[in-house]
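Listed below, chain by chain, are the residues.
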Amino acid sequence: MTDIPDHLARLGRDDEDGRQRAAGLLARWAAVGEPAFRRAGTLRGLAAAGHVLWAAGLGRAAQAALGSPHGGGVALAPVLSGAALVAAGLLLRAALLAAADRVADGGAAAVRDHLRARLLLAALPSTGTPPEEVPDAALGEALESEVGRLTPWLTTYVPARRTMLLGSGIVLAAILAGSWAVALLLVLATPLLPFNLKVIGMGTRAAVHAQLTSTRQLSTHLLDQLRGLPTLIGLGAGEEAVRATEAADRELARRTNAVLRVAFLSTAWIELLITVAMAVVATYCGLALLGYLDLPVVPSTMSLGTALFVLVLTPAYFAPARELARGYHARAEASAAAELIAGIIERAPAGPSGRPAAHVPAARRPSPPSPAGVVLEGVTVRYPGRHDLALDDVTLTVPPGAVVAIGGPSGAGKTTLLSVAAGLREPDRGRCLHCVGSVTVPASPAMTAWAGQPSYLLPGTLRDNLLLARRDAGDEELTAAFAALGFEDLLAALPQGLSTRVGERGLGLSSGQMQQLVLVRALLRDAPLLCLDEPTAHLDPDGEARVIGAVRTLARTRTVLLTTHSPALLDIADDVVRLSRGRVSRIKEAL
Amino acid sequence: MTAFRLLWSAADHRARRDLLFAMVLAGTAELCAAALLGVSGWFLTSCAVVTAQANTTWSWMYPSGTVRALALGRTGLRYGERLVGHGALLGATVSLRSRLVRAATTVPARELRDHRDGALMARLTGDVDAVGAMAARVVPPLAGIGLTAAVVVALLTVASPPSGAAELLLLALATATAVAGERRTRDHRRTAAEAWTAARTGLLSARSALAELRCLDAVDPVRDRVADAVGRARRAEAAAESVLRRSKLLLRLLAAAGQTTVLVLALSGPVFAQPAADAIGEVLLVAAAYELMETLPQVLRDRGLAADAALRLTDLANRGLPDGPPTASPSPSPSTSTSPLTGAAGATLVAQHVPVGVGDARTRWSTVIGPGSVVLVTGPNGSGKSTLLETLAGRIRPTEPRSVLLDGVPVESLPARALADSLTLVEAEDWIADATVAENLRQAAPGADDDTLRAALATAALEQLPLDTPTGPLGGALSQGQRRRLVIARALLRAPAVLLLDEPTAGLDDRTAVRMLTGLRRALPDTALVIALPDRHDDLLPFAATHTLRLEAEPASVTAFG
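A quick note: this is a predicted structure, and the numbers were derived from the prediction, not measured. Chains are numbered independently. Their residues run from 1 in the order of the written sequence. Think of it this way: whatever chain is written first is A, whatever ligand is written first is 1, and the rest follow in order. The predicted origin of the model limits local features to residues at a pLDDT of at least 70 and limits the giving and counting of side-chain atom pairs to 80 or more, whereas totals for whole chains, interfaces and linings rest on all residues.

## A look at the domain arrangement of chain B
Here the domain parsing of chain B yields domain 1 (3-320) and domain 2 (349-561). Relative to domain 2 of chain B, the C-alpha centre of domain 1 of chain B lies at a distance of 51 Å. Start and end positions for the domains come from either an automated domain assignment or a database one.

The structure is reproduced here in structure tokens:
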């Protein structure tokens, strides 16, 4: 919201490697809309021509008015033509700027679309292991606000350099045509424009950096205190917390203010340059008009039209540079956002279109499905940032058509084993294979139907959710699937049948109903392997019996791999695998 | 409550003065900027006229001096305005935030819990900043625009009433255009916000169900659906941008009309033709005024954002602002380490038909938890232990009023502070400040000396941890077991009448867990304890439980889903 962090970031920018990296990222992303930004820069630069016309019109009208100084008798024609020039210049400028804004907005939208598409792809990858370390909240934040935060930078800063070269060039050429002396003056003043803070002096900079470090610490502290507010209130420390946050906030404000005092100097410096240049030009032109000027080389006379022309163009010469300087705020904000966005995008498992075709076997949808075998060989998985292994050298063979239950205490790695077997997670060492008939392929989710714990339905209708499994299914086919598992009463119990809206927060569906729906979806998906994570964990004995019946039905044409604590479910298993601390500790032949 | 009223009523004396001063500075600075252009033009034309008339009495010194003075004045005033404006911004933000933080401390615990998903943070950071930003980004610029426009119109009216009237009309039109544009963008912004919510929900649901979706080979269509929502948001945003562009274009067209009108009227108007110098000066003044008007859409947009933020802050603000700062804070926490048995010691917590377990297997549970008693709640993960503890602690509104009573008073009606004085809940992942161990402990006992703190650590079986150990962000520098024991030691220092512990043994080996629980009971013999332990750990309790509540594996589909 406020531009203070930008100021701070701007001051701290060049002593951080991260900024360099962010600059590289930003440049790469801006390249997506590059032609648009180039065009916007050109249009904005050309808008300076409108300014020149406007100035010329003013000069002409003034010259005409001078012709009859006593008023009243001004010849109408030159005044009107001057006024027409003024109007034409302003209209030209308005039109060009509007076109430039439009083009720039379009370019920025293209960049944002590109980044959002990549973010979505990183958040919901079709293949590979999804980035679990990125919290969901951060993803939502990045998709909406962080990408949006690039906009000011894209629309103002990126085209600004081009605008400056072209715009200032046009204005300078026009001034040169009016008075070379003034043009020379402006050219001489140009190196004084500070694009960074060098002018302010190296000494101040060190002090500013010291301030900045403590400012950052303070703002982290403030955020931490605010986050802990509920806990602190629970501890009866609410009053202390208020005082502590306020003290931290005040100290932060005090130090920020000290930094701003220096930061604003750079803007003030540019403005001083512009106003002083104007004052000097005005004085010079005035003296030349009065004929008081007597200098060796410099012309000592000037017409009113020319004088006015160069005077009003003087600020226009510096204006693009001022915009560019202002753009640094936008850049600082964009850099901060870039680091966050890149953190997510770069975690994406594969490139934007990387869907290895090798993972989709030819026998992808056998009909009727013949059960798949699963072979795990020395599978080891370690989650990033954890000491112990989630799975430690697990070797296991699941014959086609078997029902295998995985038991063990929570945290033993049951779900991890299941997701490796499903092909959802690549093991860090070892491998997992699926065998269908005589074909053996690397484990792939395309062969698997999966029901997680808890099971999820997406926002939408029941039909939408079921059609995900078989996109071309008609309503009869869906109803038949319910019947096949003996769940007709479930469908009848739903108020609007297949059109019942489900999804976010379940909306009235009990966990038993949800679990049954997920099994129907698994049936619709003709996959040779069915992986169920704690399918009866939520259910009462009746619900459990229904699910077990359905699993039996499904197991006729599929291999079933499930994790469970339930004795009833263990009973229907051909094999029970016990896991303990990532190792297979016991394999019991249940039959 | 409008954003400005919120800002003004929250600002302290100094921030208000700064704000007014910034308005004056901004007005003067913009006037100087306009005058610099106008006077320069007038000066040049006058020079030419004087030369043409061979008038020797006219002195160029004063006008040229004025030009220089205006040039320096404008720079200085702008710099001053920025500093003072940001000073006001910082001051107002600090006051507003501290008022709202104070208001947050009076919010009932259950409401605070509703805010826990970062909403309170967003209110106290983003929204407060948006309202505070008005002090630098909206109020002074509006003052600058208003003052400049008023002075320009006044000058014109004095010099030539028709020009004045024309400019007044055009400037009013320009303002109306900008305001109307802002209003229309607001609709688009709302549409965009709705689409964003849909996109966010879609994304998060899809993330939760990613394993299923990948097996269904349905990741792509679902992603497309999210992308659709993003596309809708993007189109609404593009529409808002287009409205903004159009109102900027209209403003520039009005500027063209305004300047041309003044030029023609001043130089060749049938009645009020003016001296050339005045005419040129006026045109340039008008040009400066319109250049300023061009910034209006931006300023109005910031105002709109601040207004939206202020709307979201209304609840908190109404709670915090009417009474002003609370009257001298009630005597600081009575239950410090020095007087463990004073305060609310001996309180009795009564549960009457409190729903336990969730989903289909929900039952009701009644008990009286008197001083010194121990209630053990066990059950597998997700069986509703934490929910029960939070209900007992008043963090969740009970389904029926008066179902949890603390000394006869329903917990939901107790102010947070009163509740905190007799009851402490240690959550499963309780917050730890990014400071030192000692500072974290002193949150519970502000005046305690180091020996008291060490004693509390020893009681929680954490004596090997030096007091000056840094804890890291959210306690990240400590191990899970150390974090557990630190927050328990912190709760011990409160010596509460009722202590609720959610999974106190997580991350601890059995021996340490037993030692910690033994120490806890010994240090607080009269405290009513409610301890939630997972199934595997329920034999760790080294003392007898007065009641045991065993929850079955029937987790809520609804909570698990959210």
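## Quick notes on the sheet that holds strand β7 (residues 498-502) of chain B
Residue and element names in this part refer to chain B. Pairing between strands is defined by DSSP: at least two bridges between them are needed. Numbering of helices and strands runs from the N terminus, with a helix taken as a DSSP run of H or I at least four residues long and a strand as a DSSP run of E at least two residues long. Read across the sheet, five strands follow the order β6-β7-β8-β3-β9 without closing on themselves; strand pairing throughout is parallel. What marks the edges here is a single partner per strand, and that holds for β6 (423-426) and β9 (547-550). For this sheet the average axis-to-axis angle between neighbouring strands, irrespective of direction, equals 10 degrees. Where strand β3 (residues 374-379) meets strand β8 (residues 528-534), six bridges bridge the pair, whose relative direction is parallel. Following the sheet pairing, L376 is matched in β8 by I531. In this analysis, axes come from line fits to C-alpha atoms, helices being fitted only over the stretch in contact, and the angle between any two N-to-C directions falls in the range 0 to 180 degrees.

## Quick word on the sheet that holds strand β1 (residues 372-381) of chain A
Residues and elements named next belong to chain A. If you walk across this open sheet you meet the four strands as β2-β1-β4-β5, and the pairing is antiparallel. Either end of the sheet is taken by a strand with one partner, and the two such strands are β2 (391-398) and β5 (439-442). Averaged over all adjacent pairs, the angle separating strand axes in this sheet is 20 degrees, with direction ignored. Sheet topology places strand β4 (residues 429-436) next to β5; four bridges connect them, and they run antiparallel. Note that in β5 the partner of V436 across the bridge is V439.

## Brief notes about the interface of chain A and chain B
Note on contacts: residues are paired as contacts if their backbone-placed C-beta atoms lie within 7 Å. Contact residues are listed per partner, giving 117 residues for chain A and 130 residues for chain B. Gly falls in the polar group here, along with every residue not listed as nonpolar (Ala, Val, Leu, Ile, Met, Phe, Trp, Tyr, Cys, Pro) or charged (Asp, Glu, Lys, Arg). Taken together, the residues of the side of chain A that touches chain B sort by class into 70 nonpolar, 27 polar and 20 charged.

## Quick look at unusual backbone geometry
For D393 of chain A, which is not glycine, the phi torsion reads 55 degrees and is therefore positive. The residue D393 of chain A is located in strand β2 in this model. Positive phi is not limited to glycine here, since E503 of chain B has a value of about 50 degrees. Note on placement: E503 of chain B falls in the loop between β7 and α17 (510-523).

## Structural notes on the pairing of strand β1 (residues 349-356) of chain B
All names here are of chain B. Strand direction decides the pairing type here: β1 and strand β4 (residues 404-406), joined by three bridges, are antiparallel. Its bridge partner lying in β4, V350 is registered against L405. For β1 and strand β2 (residues 363-369), the ladder comprises six bridges, and the chain directions are antiparallel. Bridge pairing in β2 places A351 opposite T367.

## Some points on the packing of helix α10 (residues 238-290) of chain A against helix α3 (residues 61-106) of chain B
With their axes 8 Å apart at the nearest point, α10 of chain A and α3 of chain B run at an angle of 165 degrees to one another. Comparing the axis directions of α10 of chain A and α3 of chain B gives the class roughly antiparallel. Here the hand of the crossing between α10 of chain A and α3 of chain B comes out right-handed. When grouped by side-chain class, the residues that make up the contact of α10 of chain A with α3 of chain B number 17 nonpolar, 14 polar and eleven charged. An angle counts as roughly parallel when it lies under 35 degrees, as roughly antiparallel when it exceeds 145, as roughly perpendicular when it falls between 65 and 115, and as oblique in every other case. In this scheme, a crossing is called left-handed if the near helix is turned counterclockwise away from the far one by less than a right angle; it is called right-handed if the turn is clockwise.

## So, the nonpolar core
Working definition: the nonpolar core is a set of buried Ala, Val, Leu, Ile, Met, Phe, Trp, Tyr and Cys residues, joined through C-beta atoms within 7 Å. To sort residues by burial, count the other C-beta atoms lying within 10 Å of each one's C-beta; a count of 20 or more means buried, 12 or fewer means exposed, and anything in between means partly exposed. C-beta atoms are built from the backbone. Among the nonpolar cores identified, the biggest contains 357 residues, and C285, L313 and A421 of chain A together with L44 and V131 of chain B are the most heavily contacted of them. Sorting elements by how many residues they give to this core places helix α2 (residues 13-53) of chain B first, with 22 residues. Beyond its immediate stretch of four places on either side in the chain, A421 of chain A contacts V374, L376, C432, A443, C531 and L561 of chain A.

## A word on helix α6 (residues 151-178) of chain A
Every helix has an expected span of 1.5 Å times one less than the residues it contains. An ideal rise of 1.5 Å per residue puts 40 Å on 28 residues; α6 of chain A measures up with 39 Å between its terminal C-alpha atoms. Bending of α6 of chain A peaks at approximately 50 degrees at the position of A160 of chain A. Note that bend, as reported per residue, equals the angle between axes fitted to the 7 residues terminating at that residue and the 7 residues originating from it.

## Considerations on the environment of L418 of chain A
All names here are of chain A. The topology assignment puts L418 in helix α12 (residues 414-421). Along the backbone, L418 and E377 are 41 residues apart, and their C-alpha atoms lie at a distance of 14 Å. Not counting residues up to four positions away in its chain, the partners in contact with L418 are I406, C531, D533, L561 and T563.

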